[in-house]
Amino acid sequence: MAISELQLPGGVTTHSLADSKALAATLAGDVAERLRQAIAAKGQACLVVSGGRSPVAFLEQLAAEPLDWSKVTVSLADERWVPVEHADSNAGLLARHLLKGPAAKARFVGLYQPAGNLDAAAEQADQALAELPPIDVLVLGMGDDGHTASLFPASPLLRQGLAKVGERRVLPMLAPSVPHQRLSLTRAVLASAAFTALSVQGEGKLATLRAALAGDDPSEMPIRAFLQDPLDIYWCP
Ligand SMILES: O=C(O)[C@H](O)[C@@H](O)[C@H](O)[C@H](O)COP(=O)(O)O
């Protein structure tokens with residue numbers, strides 16, 4: 001099945017790429033171009049990316065793009081509540097694959113806070129995120145269960161996390177897989193991005209998207225909330 005066969009809402013644009021290498025290169029080129037445009041227009045740009053396993057090639061390509069990284073603020077859509085040295089840390093992922101060479105000049109605003117518990121860490125991260133400029137580019141991923149960022153189905157605060165309008169920038173979330181404790185930007189913040197890309201690979205993720213389109217309850221599949229807004233989906237088999 002191809003992504004062009006999905007009945008997508010009007011605001012959704014699809015980019016169907018031949019393979020993961022082409023996806024990483026195309027997405028990195030498009031993201032860099034939008035960051036350059038933001039810098040030209042406002043003197044600065046803000047990029048928010050996701051973690052997980054699949055973004056490595058994209059992050060490496062993006063790090064190699066010609067860009068005045070000293071004018072770019074980088075943050076995360078979500079974080080696992082583990083220190084940066086931990087193998088599962090999304091901040092660690094960015095340090096290894098994006099914020100190096102010329103891109104090391106970017107300002108990084110992370111979510112991890114070494115607080116006494118997850119709720120306190122989320123409150124501290126929420127305060128830290130107050131200094132995040134308006135988001136120019138957001139890159140989301142999606143899990144097989146339809147989660148995006150760390151907005152997981154069945155997470156206790158999911159309703160609040162999916163609200164279109166809300167005071168909180170960051171909420172504590174619980175994932176079904178380890179590490180369970182997560183920090184997620186809320187939909188209210190994520191939906192404020194000027195441009196949102198969703199990067200998905202493989203037939204399995206296409207089946208997840210098809211299932212998401214067949215229903216309308218975002219608390220079952222949080223990606224549904226994001227399919228209602230303008231979204232560019234980058235997909236490869
Ligand atoms: O830190 C994380 O785990 C994420 O930000 C998460 O939302 C991720 O984007 C999806 O789980 C998809 O991950 P993959 O693209 O690696 O499958």
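It should be noted that the structure appears before, not after, this text.
Within each chain, residue numbers correspond to sequence positions counted from 1 in written order. Predicted model: local features are reported for residues with pLDDT of at least 70 only, side-chain atom pairs are reported and counted for 80 or more only, and whole-chain, interface and lining totals are derived from all residues. As a rule here, side-chain values cover all heavy atoms of the structure and leave hydrogens and water aside.

Draft legend 1. The arrangement of the site of the ligand in detail. Within the structure, the ligand sits among 16 residues, and Arg53, Ser54, Asp78, His147 and Ala149 are positioned closest to it. Any pair of N or O atoms that falls within 3.5 Å is considered a polar contact. Within protein, one atom must be able to donate a hydrogen and the other to accept it, and sequence-neighbouring residues count only if both atoms are side-chain atoms. Contact distances for the ligand include 2.4 Å between an oxygen atom and a side-chain N or O atom of Ser54. Within the backbone of Ala149, a nitrogen or oxygen atom sits 2.6 Å from an oxygen atom of the ligand. Residue exposure ignores everything except the shown protein chains as possible cover, and the areas themselves are Shrake-Rupley values with a 1.4 Å probe. For the ligand, whose unbound accessible area comes to 410 Å², protein coverage reaches 92%. The class makeup of the residues in the shell around the ligand is two nonpolar, nine polar and five charged. Only heavy atoms are used to decide nearness, and a residue is near a molecule or strand if one of them lies within 4 Å of it. Under the scheme applied, nonpolar residues are Ala, Val, Leu, Ile, Met, Phe, Trp, Tyr, Cys and Pro; charged residues are Asp, Glu, Lys and Arg; polar residues are all the others, including Gly.

Draft legend 2. Region of the structure containing the pattern of salt bridges. Basic side-chain nitrogens of Lys or Arg form a salt bridge, by our definition, when they fall within 4 Å of a carboxyl oxygen of Asp or Glu. Tallying each qualifying case throughout the model produces 11 salt bridges. Where Lys100 meets Glu60, a salt bridge forms, and the shortest distance between an N and an O atom there is 2.6 Å. Here Lys100 is found in the loop between helix H3 (90–97) and strand E5 (107–109), whereas its partner Glu60 is found in helix H2 (residues 56–63), with 40 residues between them in sequence. Here Glu131 and Arg107 are joined by a salt bridge, their closest N and O atoms 2.7 Å apart. On the criterion of sequence distance, the pair formed by Glu131 in the loop between helix H4 (118–128) and strand E6 (137–140) and Arg107 in strand E5 is long-range, its members being 24 residues apart. Burial status follows relative accessibility: with a 1.4 Å probe on protein chains alone, a residue under 20% of its type maximum counts as buried, one over 50% as exposed, and anything between as partly exposed. Using a relative accessible area of 36% as the deciding quantity, one classes Arg107 as partly exposed. Secondary structure elements follow DSSP: runs of H or I of four or more residues count as helices, runs of E of two or more count as strands, with numbering from the N terminus.

Draft legend 3. Local environment of the environment of Ala32. Note that Ala32 resides in helix H1 (residues 20–42). For the pair Ala32 and Arg169, spaced 137 residues apart in sequence, the C-alpha separation works out to 25 Å. If we skip the residues at most four places from it in the chain, Ala32 touches Leu62, Glu65 and Leu67. Here a residue-residue contact requires only that any non-hydrogen atoms of the pair lie within 4.5 Å.

Draft legend 4. Region of the structure containing the environment of Gln7. Along the chain, Gln7 falls in the segment before strand E1 (12–16). A relative accessible area of 70% places Gln7 in the exposed class. The spatial distance from the C-alpha of Gln7 to the C-alpha of Lys205 is 15 Å, given a sequence separation of 198 residues.

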